[in-house]
Amino acid sequence: MKAPNPRRLELVKLSRAFKPLVESGKFAKVNDAIVAYYTQQTGKTTWHTFKGWKDAGFSVIKGSSGFPIWAQPRPMGAGKPEEGAPAELASNGDGPAWFPVCYLFHDGQVIAAEV
């Protein structure tokens, strides 16, 4: 059995810590609270996925570590979560879903792509 992804476990912990802020209305979504936390940690305000930076004409600097957030939920049959990963319930009415992890990079981790 494969061990759970430690970055995913870190994200679960952050999500649980920020859930009360979402419930109180301070943030619309858990991901918003997590990005605000990363912004406070790094002082950076511009965040995109690897693909988002690439589409904008930038390259992520080799060796940069992404900051984990939740990706769009997927139905359980649309791919397999890593072993031991908890399955959350999606609120979209489609039943059980799992939330993949995706990674954001800030503007200090990119350079303009060479043409």
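Before reading on, note that the structure itself is shown above.
These notes cover the structure that comes with them. (Residues numbered from 1 in each chain as written. Predicted model: local features only at pLDDT ≥ 70, side-chain atom pairs only at ≥ 80, totals over all residues. Heavy atoms only, no water.)

Focus: the sheet that holds strand β6 (residues 101-106)
Then, number 1: A sheet is described by the order of its strands in space; here three strands give the open sequence β1-β6-β3, paired in antiparallel fashion. In this open sheet, the two edge strands, each paired with only one partner strand, are β1 (47-49) and β3 (67-70). Recorded for the sheet is a direction-independent mean angle of 45 degrees between the axes of neighbouring strands.
Then, number 2: With four bridges joining them, β3 and β6 adopt antiparallel strand pairing. For I69, the partnering residue across the bridge sits in β6 and is C102.
Then, number 3: Helix α1 (residues 6-23) contacts β3 and β6 of the sheet and is inclined by roughly 65 degrees relative to β3.
Then, number 4: Strands in contact with helix α2 (residues 30-42) are β1, β3 and β6; relative to β3, the strand with the most contacts, it is inclined by about 165 degrees. (Pairing = 2+ DSSP bridges. Helix = DSSP H or I, 4+ residues; strand = E, 2+ residues; numbered from the N terminus. Axes fitted to C-alpha atoms, helices over the stretch in contact; angles between N-to-C directions. Contact = heavy atoms within 4.5 Å.)

Observations concerning the environment of G52
Then, number 1: Relative to the helices and strands, G52 resides in helix α3 (residues 50-55).
Then, number 2: A sequence separation of 52 residues divides G52 from L104, and the C-alpha atoms of the two residues are 9.1 Å apart.

Thoughts on the packing of aromatic side chains
Then, number 1: Applying the stated criterion to the full structure yields eight aromatic pairs.
Then, number 2: Grouping aromatic residues by their ring pairs yields a cluster made of F18, Y37, Y38, W47 and F67. (Phe/Tyr/Trp six-rings, centres within 6.5 Å; stacked < 30°, edge-to-face > 60°.)

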